[in-house]
Amino acid sequence: DAGVIQSPRHEVTEMGQEVTLRCKPISGHNSLFWYRQTMMRGLELLIYFNNNVPIDDSGMPEDRFSAKMPNASFSTLKIQPSEPRDSAVYFCASSLIPRDQPQHFGDGTRLSIL
Amino acid sequence: KQEVTQIPAALSVPEGENLVLNCSFTDSAIYNLQWFRQDPGKGLTSLLLIQSSQREQTSGRLNASLDKSSGRSTLYIAASQPGDSATYLCAVHPYNTDKLIFGTGTRLQVFP
């Protein structure tokens, strides 16, 4: 069974550009999570969805960040406009039943904003 | 506000040693506690999940315990191997949300 798939694996772009990160969760999982990891702040939850509906977006840093889940097999995290302080590794994770089952993580997107 | 702390931040040991990694949390109102492993350049891999009603879980050389009343969990690694070298993170799942709260991790190095 394929795991959580994220693309791209690496992204380097100039500040001000729009960045779109993509995630395909494990088939059948109905919860999807977007995280950001930095040396300074560790692993932070940005937003999560249950059954394609955003439940908690309190971790989204500001209006420049947006996330969508148009269907059960695809989600995007968009940053527009991007800034150097957005440089981090962004992870997507999915789970079948979060309270009983572990979250499964993708390998992440390493984002560098110049 | 739930806070999760892991001690030590880093650990370097010779192969074959038995290890204990510690995790503490400030609010005992949790559904479960999870231990993850993260290798460099990779995502997190779930190792063990302990429900709040359980005291411990075992998988191979790994054993995790949970004392919810004191806000503590330990991950015991028996007969450590160089392949165990990674960062280990614990996370708690609070009531009324599916938002995991992560500790800052313990970076483990096992040398031959």
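Right, let's walk through the structure included here. This is a predicted model, so every value here is computed, not measured.

Here we take up the overall build of chain B. For chain B, the count of helices and strands is zero helices and eleven strands. Moving toward the C terminus, one meets the helices and strands of chain B in the order β-β-β-β-β-β-β-β-β-β-β. A globule of 112 residues ought to have a C-alpha radius of gyration of about 13 Å, and chain B, at 13 Å, matches this closely. For chain B, the spread of C-alpha atoms along the principal axes amounts to about 45 × 30 × 20 Å.

Moving on: the sheet that holds strand β3 (residues 19–25) of chain B. All names here are of chain B. Read from one edge of the open sheet, five strands run β1-β3-β8-β7-β6, paired in antiparallel fashion. Looking at the sheet topology across the chains shown, the edges are occupied by β1 (4–7) and β6 (56–59). Going across the sheet, the axis of each strand differs from the next one's by a mean of 15 degrees, ignoring polarity.

This paragraph deals with the environment of G103 of chain B. Residues and elements named next belong to chain B. Checked against the element boundaries, G103 lands in the loop between β10 (101–102) and β11 (106–111). Overall, G103 belongs to the buried group, its relative accessible area being 5%. Distance from G103 to E56, taken between C-alpha atoms, is 19 Å for residues 47 residues apart in sequence. For G103, the residues in contact, after removing those within four places along its chain, are V4, Q6, L89 and C90.

To continue, consider the sheet that holds strand β7 (residues 65–71) of chain A. Strand pairing in a sheet relies on backbone hydrogen bonds. The paired strands run either parallel or antiparallel. Residue and element names in this part refer to chain A. Strand order in the open sheet made by the four strands is β1-β3-β8-β7, with antiparallel pairing throughout. Unpaired on one side and paired on the other, β1 (5–7) and β7 mark the two borders of the sheet. Taking each pair of neighbouring strands and ignoring which way they run, the sheet shows an average axis angle of 15 degrees.

Residue and element names in this part refer to chain A. Counting across every chain of the model gives twelve salt bridges over all chains. A salt bridge links E44 to R41; its shortest N-O distance comes to 2.7 Å. When the shortest N-O distance is used, the salt bridge between R64 and E62 registers 2.9 Å. On the accessibility criterion, R64 (10% relative accessible area) is buried. The partly exposed category is assigned to E62, whose relative accessible area is 27%. Shared partners join several salt bridges into a network, and the residues in it are E62, R64, E83, R85 and D86.

Moving on: the interface of chain A and chain B. Interface extent is often summarised as the accessible area lost during association of the parts. Chain A puts 20 residues into the contact, and the matching count from chain B is 19 residues. Roughly 1700 Å² is buried in total at the junction of chain A and chain B, and carbon and sulfur atoms are behind 50% of that figure. If you sort the residues of chain A by the area they bury against chain B, L43, R99 and F105 of chain A come out on top, with a joint share of 31%. Of the charged contacts, one joins K42 of chain B and D107 of chain A as a salt bridge, the two residues approaching to 3.9 Å between their closest N and O atoms. Those elements that place two or more of their residues in the side of chain A that touches chain B are β4 (31–38) and β5 (42–50) of chain A. Tallying contributions element by element places β5 of chain A first for the side of chain A that touches chain B, with four residues.

Here the focus is the nonpolar core. The nonpolar side chains of a soluble globular protein tend to be buried, and buried together. The biggest cluster of nonpolar side chains holds 22 residues, and the ones touching the most others in it are F25, L33, W35, L75, I77, Y88 and L108 of chain B. Counting only elements with at least two residues in this core, the list comes to β3, β4 (30–38), β5 (44–51), β7 (62–67), β8 (72–77), β9 (86–94) and β11 of chain B.

Rules used in this analysis
- The numbers attached to residues start from 1 for each chain and follow its sequence in the written order.
- Chains carry letters and ligands carry numbers; both start at the beginning, A for chains and 1 for ligands, and go up in the order they are written.
- Only residues with pLDDT of at least 70 are given local features in this predicted model, and only at 80 or more are side-chain atom pairs given and counted; all residues enter the totals for whole chains, interfaces and linings.
- Computation of side-chain values: all heavy atoms of the structure, hydrogens and water removed.
- By definition, any uninterrupted DSSP run of H or I lasting at least four residues is a helix, any uninterrupted run of E lasting at least two residues is a strand, and each is numbered from the N terminus.
- Radius of gyration means the value over C-alpha atoms here, while the globule rule gives 2.2 Å times the residue count to the 0.38 power.
- DSSP bridges decide pairing: two strands pair if at least two such bridges lie between them.
- Each axis is a line fitted through C-alpha atoms, and for a helix only the stretch in contact is used; angles between axes span 0 to 180 degrees, taken between their N-to-C directions.
- We call a residue buried when its accessible area falls under 20% of the maximum for its residue type, exposed when it is over 50%, and partly exposed in between, using a 1.4 Å probe and counting protein chains only.
- Only heavy atoms matter for contacts: two residues are in contact if any of them lie within 4.5 Å across the pair.
- Put simply, a salt bridge is a Lys or Arg side-chain nitrogen that is within 4 Å of an Asp or Glu carboxyl oxygen.
- By buried area we mean the combined loss of accessible area, with a 1.4 Å probe, across both parts when two parts are placed together.
- Here the nonpolar core consists of buried residues drawn from Ala, Val, Leu, Ile, Met, Phe, Trp, Tyr and Cys, with membership extended through side-chain atoms lying within 4.5 Å.

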